[in-house]
Every structure is written in structure tokens, then in C-alpha cells.
Amino acid sequence: MNFIQQLINGLSIGSVYALVALGYTMVYGIVKLINFAHGDIIMVGSYIVLFSMKSAGFPFWISILGAFTLCAILGVVIERVAYKPLRQAPRISALITAIGVSILIQNVFMLSFKPDPRPFPNVIDGNFGIGSINVSYTTALTIGISVLLMILLQLIVKKTKVGKAMRAVSEDEGAASLMGINVNRTISITFAIGSGLAAVGGALYSAAYPLVDPFMGAMFGLKAFVAAVIGGIGSIPGAILGGLIMGIAESMTKAYISSQLTDIIVFGILIVVLLVKPSGIMGKNVKEKV
Amino acid sequence: MKNNFKYTAFIVLLLLVTYFVFVFLISSKTINNYYQGILMLIMINVMLAVSLNLVTGFLGQLTLGHAGFMAIGAYVSALFTKVSELPDILSFVIALILAGIAAAAAGIIIGIPALRLKGDYIAILTLSAGEIIRGLIIYFDEYTGGSRGMKMIPAYSNFSNVFWIMIITIFVIYSIIHSRHGRAVIAIREDEIAAESVGINIVNYKLFAFCISAFFAGVAGALFAHYNTLLDPNNFDYNYSIEMLIMVVFGGMGSLTGSIVAALGLTALPQILSDFSNYRMLLYSILLIIIMLFKPSGLFGTHEFSIMAIGGLFKGKKSKTKKRGDL
């Protein structure tokens, strides 16, 4: 029974990883950039939900919507200001800029809201039993919202015109723009959706681990990126799979081996996956063209 | 050729003068212990920045785990000197070499999966590796003291040995860059596919640069351990790797002298302006973004500072050291 309990915990945290990994994978698919600032958008999302629930007294639902919108705007602004001018520059410049943006966001929040962790308000109390397993409502809510968003995202990418444009741009930016696709707008939409998902991920994460501090996003974001790489970067089902693998691996390690070893095992999985299949579990192997 | 000899002699003379000036200032207590500490930190950071520049600046690969290699060097050397019964100097020398080899070995282990992949994965893999190293140090607390830290490391580092090891590091990396191998490394940065098609073995050269860089990071870590006499695994986290990267970027990716100047400035500045330390990272991050947007090769680019050029300026004639081969 304990095993199933841990599995559910793993699925819960894994679905949050998956939400954040989706943002990484979409952005990487379209502009080939590891958006280091993505992790910090998680933190921004958590702070927005925290303030809107505590100071403004809004319910969780409205707060999440607010966080989604504000973080989507933040993501677009970051892309426009910091990444867009470097689209043709060497990769390393864009990566260093992304690191710069990440440190900038962390430090702005640290200086404005103090580095100490703040308690996150309780979202819903209680739990329910299935057989002999106890599932808290927070866990159920996390899994529910994540699955809903993933289905929604899959529909957007596969069925709508915007989604078609995204897939076209990620395949070949030049050809897409020749076909009349507004590349800049498509990239902005990608950043908006990715950042919004990160904000929701942040809020759900904070509901499960109710402490918010300016540096919470760095490690969490890194693990989510690792999830995206494990699943195969650029692939949406891959990101979901990677997130779930990460979450389950983490909760199993905590339960059965040692909580100190979680990070080591998680990053170890990354190294093993990259050694065996460098493009990730569901990734395509792309040949480099001259 | 004659000019070159004169130039080398001049550099050696300059180094000796600098060295003896500092030794005199330290022995006459003009530089007190506090400033001497800053000086040691500067020299160690110079070693780290210069070795990181080999991979980030000259090879063009973003690595974020340099602090991890430093940690390996620090812990390996400290573990050795704590149990070693050999005379101090001998045991310190062996510890330094062991530190370098251990870090280089870790570099190879991480490098083999990392370097088979394209640019961006290396950043993530090295970052992960840095975290794994730190995690392992904390986990094996029987030997390393875990997160409580490792104490009572003999204080073997002093100004003289750190200074000369720093000079050796710079000299070795300078020589590598200006050798056939260095040109191969730079060719990989400029265009991987073109480099491969003229017969440069990309994987080998990447591993080579990665390994050398890790080696000197390990040695720097050993010097740090025997200067600080206390090791805390949290000193070697992601943020320290980022700080080294900032030094390399500010100094110019592909400029050794730039790295030296940047390491000096960025280490000394926060110590002198203590009020500034809260806003330090904020300022650095903004500068990082601005530099990348407007001058992606770093503040000084690949330009090397030249003492001869300054000399030429005083003489009022054009310096003859335009060639890339000269410092």
C-alpha cells in the first residue's frame, strides 16, 4: 500500500514537473534556446498567487488565472527584450543572456520581498480514501489541473491554426515565414503559453510544498528541464513522460533510499538517458545540415 | 625573434618585480591579513577564470559545473594532506597533483556523455554534474564532514606558492592556446563542421580542453582548501560556477588577459565596497544581459592586453605586437 501511496505522490509532483517541462520543450522546439529564466517564472507565479490570496483575498482559482496571465506577459516581455535581438547570434550568447535574466529575476524578488521563505496559504484541506490509500485533495487537484492543461495544450498544438503555425516555425522558421506565418507572433505566443503553464506549475507546487522563496525556481526549473531532456526535447508527450518519470523517481528515492540522494539519482537518470539515447526517450534524431 | 626574446625577458622581469613587491609588502605588514586573504582569493579566482575561459571562451562550450571540479580538487587534496605523514612540502605537492588528476578524471567522466551532444546539453549536463558532486560530498559525510564542513585542513597555501602556481596555470593555458592544439580548439569554436572536415577530431579536442580546464580548477580548489583550512560544500554551488562565468564573460570570451583583469576586479570590488554586495548580483545580471546584447564576445572580446602596446604608446610609435601570437 505504501508503494501505491508513493506512486500517487510521485504522479502529483511529476505532473507539476511535466507542466513546467512543457514550457521548456515548447520554447526549445521553437527557438532552440534553453530558457533558464523559465524556472524563475515558476517562482514569480507562486508569489503572485501568494499575494493575491493573502493580501487581496482572491480565491485560488482567480489567483491562478491572474498568475497565468501576468506570467504569460512576463514571458513575452523577456523574449522581446532579451532573446529576440539574439536570435541570429551564436547559441552561447543567448544562453548567457538567459542565465542573466534568471539571476536578474531572482535578485529583483530577493531585494523586494526579502530572501526568507514565506508560508503559502492552504488551498484545500482534507483527504479522501480509495480503499486503504489516503489521497489529499491537494494531490488530486494538482493531478487534475495538470491533466486538464496537458489535454488543452495538445488540442491547441494539434487542432488550431496557432498550433499549426507553432509546429511549422519549429520545423523551419524561414519556410514558415515564406508561407505567410508571422514568426515573431508565433514565438511570442509560445513564450506566453509556456510561461503561463510555468506559473500554474509554480502555484500547484507551492500548494504541495507551502514555502515560497526567491530561489525556489532555480532547482525546480533545472529538474523540469532535465525532465524535458529525458523525454526528448521538442516533444510534448516526451515532456509529460519525462516529468512523470522524474516525479516518480524522486518520491521513490525519498521513500526507499535516502532523501539526500534524490538530486543525485534524478541527475544520474539524465546522464544515463543521454548516454543511451542522446535525443531523449521520445526525441527525434535530427541530422545537422551544413 | 630577438624582439620576442626581449619581450619574454621583460615579462619574466615584471613578474619577479611584482612578486617581490608583494612579498616585501606582506612581510613588512603593509598588507595585513585581511588584504592578504583578498589577494589569495583573487589569485585563485584568476586560475578558475582562466581555466574556464579555455572551455567557454576558446572552445565555445558553455559549462556550468566548474565549481564542482574545484570542489573535487579541494576535497581530494584535503583528504590526502590530512592523513599524509610525508613532509609538508612533499605532501602538498602530491595533494595538488592528485587534486588536478581527480578533477580531470571527473572532467572526462562527465565530458564523454556531454561532449557527444550539441552545445546546449553541455550546459545542463555540467550543471547537473556540479550538483551531483556537491550531493555526493554531502552524502559521504563520514569522510567529507558533509554539510557541517571539513575542518582542520593544514594551511599550506601561502602567497608565494599560490602566486607561482597561478603563473604556471596561465602560462600552460597560454601555451596550449598558441599551439597547434589550441588552434584546433579555436577552429571548433568558429565552425564545428568546417573543423571536422579539415580533419580535426572534435570529440578528442573537446575532451582535451575540458580535461585541462578541469585539472586547473582542481588545483585551484586544492589551493583554496589549504588556504581556507575549512571546506563547506555549499561554497561550491551553482552560484559560484555562475560567478566564474561572469568573470569570463566580462573579461571577454577568448581573452586570457581579460579573464585575469575581470577576476581581479570582480573579486576585489565587493570586498572593498561592502554595501555593494547586496546589489552585486543584480548589477552583474543586468550587465551580463547588456554585454550579450551589444557585444556578444564579452567586454574585451578576444583582445589581449599587451604591455608592449602600452610601452609603444609611451614611445609615441605604433606597437609592433599586432600579431595574434603575441601577448
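Numbers given for residues are sequential positions, taken from 1 along each chain in its written order. Lettering of chains starts at A and numbering of ligands starts at 1, both following the order in which they are written. Side-chain atom pairs in this predicted model are given and counted only at pLDDT of 80 or more, local residue features only at pLDDT of at least 70, and totals for whole chains, interfaces and linings cover all residues. In computing side-chain values, all of the structure's heavy atoms are included and hydrogens and water are not.

J.: Is there a simple way to think about the overall build of chain B in this case?
T.: Helix and strand definitions here come from DSSP, where helices need a minimum of 4 consecutive H or I residues and strands a minimum of 2 consecutive E residues; each element is numbered from the N-terminal end. Counting its secondary structure elements, chain B contains 14 helices and zero strands. When the elements of chain B are put in sequence order from the N terminus, they spell out α-α-α-α-α-α-α-α-α-α-α-α-α-α. For 327 residues, the compact-globule formula gives about 20 Å, and the C-alpha radius of gyration of chain B, at 20 Å, lands near that figure. Its C-alpha atoms give chain B principal-axis dimensions of about 60 × 55 × 40 Å. Each residue's exposure class comes from its accessible area (1.4 Å probe, protein chains only) as a fraction of the maximum for that residue type: buried when under 20%, exposed when over 50%, partly exposed otherwise. Taking all 327 residues of chain B together, 54% fall into the buried category. By the convention used here, residues are in contact when the closest approach between their heavy atoms is within 4.5 Å. Taking as baseline every contact in chain B between residues at least 6 positions apart, the subset at least 24 positions apart corresponds to 79%. Working note: accessible area of chain B is about 15,000 Å², and carbon and sulfur atoms make up 68% of it. When we talk radius of gyration, it's over C-alpha atoms, and the globule rule is simply 2.2 Å times the number of residues to the 0.38. For every accessible area listed, the method is Shrake-Rupley and the probe measures 1.4 Å; residues are considered covered only by the protein chains on display.

J.: Teacher, can you tell me more about the interface of chain B and chain A here?
T.: Every contact between the two is made by 39 residues of chain B and, on the other side, 43 residues of chain A. Approximately 3,700 Å² of surface area, both sides summed, lies buried where chain B meets chain A, with 80% of it carried by carbon and sulfur atoms. Salt bridge criterion: a side-chain nitrogen from Lys or Arg within 4 Å of a carboxyl oxygen from Asp or Glu. There are zero salt bridges connecting chain B and chain A. N or O atoms within 3.5 Å of each other form a polar contact, as long as, within protein, one can give a hydrogen and the other can take it, and as long as residues adjacent in sequence are counted only when both atoms are side-chain atoms. Counting the contacts that link chain B with chain A gives zero residue pairs in polar contact (both at pLDDT 80 or more). Counting residues per element, the side of chain B that touches chain A draws most heavily on helix α5 (residues 119-139) of chain B, which supplies 12 residues. Only Asp, Glu, Lys and Arg are considered charged, only Ala, Val, Leu, Ile, Met, Phe, Trp, Tyr, Cys and Pro nonpolar, and every remaining residue, Gly among them, polar. Grouping the amino acids of the side of chain B that touches chain A by side-chain chemistry returns 28 nonpolar, seven polar and four charged. A simple way to read buried area is as the amount of 1.4 Å-probe accessible surface that goes missing from two parts once joined, with both sides added.

J.: Sorry, what's going on with the pairing of strand β3 (residues 133-136) of chain A here?
T.: Regular strands show a simple pattern: their side chains alternate between the two faces of the sheet. Residue and element names in this part refer to chain A. With burial as the criterion, only one face of β3 is covered, namely that bearing Ile133 and Val135; the residues Asn134 and Ser136 on the opposite face remain uncovered. Any two strands with at least two DSSP bridges between them are considered paired. In this structure, strand β2 (residues 127-130) lies alongside β3, joined through four bridges in antiparallel fashion. Note that in β3 the partner of asparagine 127 across the bridge is serine 136. Connecting the antiparallel pair β2 and β3 is a turn made up of two residues, with glycine 131 showing a positive phi of about 65°.

J.: What am I meant to see in the pattern of salt bridges here?
T.: Any two side chains of opposite charge can pair if their charged atoms end up close together. Under the criterion given, the structure shown has nine salt bridges over all chains. Measuring nitrogen to oxygen at the nearest pair gives 2.7 Å for the salt bridge that ties glutamate 79 of chain A to arginine 87 of chain A. For glutamate 79 of chain A, a relative accessible area of 1% puts it in the buried group. Judged by relative accessible area, which is 22%, arginine 87 of chain A ranks as partly exposed. Here arginine 280 of chain B and glutamate 243 of chain B are joined by a salt bridge, their closest N and O atoms 3.2 Å apart. Taken together, the positions of arginine 280 of chain B in helix α13 (residues 280-294) and glutamate 243 of chain B in helix α11 (residues 238-251) put the pair 37 residues apart, joining distant regions of the chain.

J.: Help me understand empty space enclosed by the protein in this model?
T.: All names here are of chain B. Buriedness of a pocket was judged along seven lines, with at least five required to meet protein on both sides within 12 Å; pockets are open sets of points on a 1 Å grid over the protein atoms alone, cavities are sets where a 1.4 Å probe fits but cannot get out, and lining residues have an atom within 4 Å of a point. Grid points are joined across faces, edges and corners, and a volume is the space filled by probe spheres set on the points. Counted by the stated rule, this structure contains two cavities of 30 Å³ or more. What the largest cavity holds in volume is close to 60 Å³. For the largest cavity, the full set of lining residues is Leu64, Gly65, Ala67, Gly68, Leu127, Gly130, Glu131, Phe236, Asp237, Tyr238 and Ser241. Of all the secondary structure elements, the ones that give two or more residues to the lining of the largest cavity are α3 (66-83), α5 and α11. Broken down by element, the lining of the largest cavity gets its largest block of residues, three residues, from α5. For the lining of the largest cavity, the residue count by class is five nonpolar, four polar and two charged. Contributing elements (two or more residues each) for the lining of the second largest cavity: α2 (33-58), α3 and α10 (202-228).

J.: I keep staring at the packing of helix α7 (residues 159-177) of chain B against α10 of chain B and nothing clicks. Help me out?
T.: Working note: a packed helix pair is described by the angle between its axes plus the distance between those axes. Residues and elements named next belong to chain B. What counts as an axis is a line fitted to C-alpha atoms, over the stretch in contact for a helix, and the angles between N-to-C directions run from 0 to 180 degrees. One way to put it is that α7 packs onto α10 with a least axis distance of 11 Å and a crossing angle of 175°. Judged by the angle between their axes, α7 and α10 are roughly antiparallel. For the pair formed by α7 and α10, the contact residues are Val162, Ile165, Thr169, Val172, Ile173 and Ile176 on the first element and Phe208, Ile212, Phe216, Val219 and Leu223 on the second. By residue class, the composition of the contact of α7 with α10 is 10 nonpolar, one polar and no charged. Orientation categories follow fixed angle ranges, with anything under 35 degrees roughly parallel, anything over 145 roughly antiparallel, 65 to 115 roughly perpendicular, and all other angles oblique.

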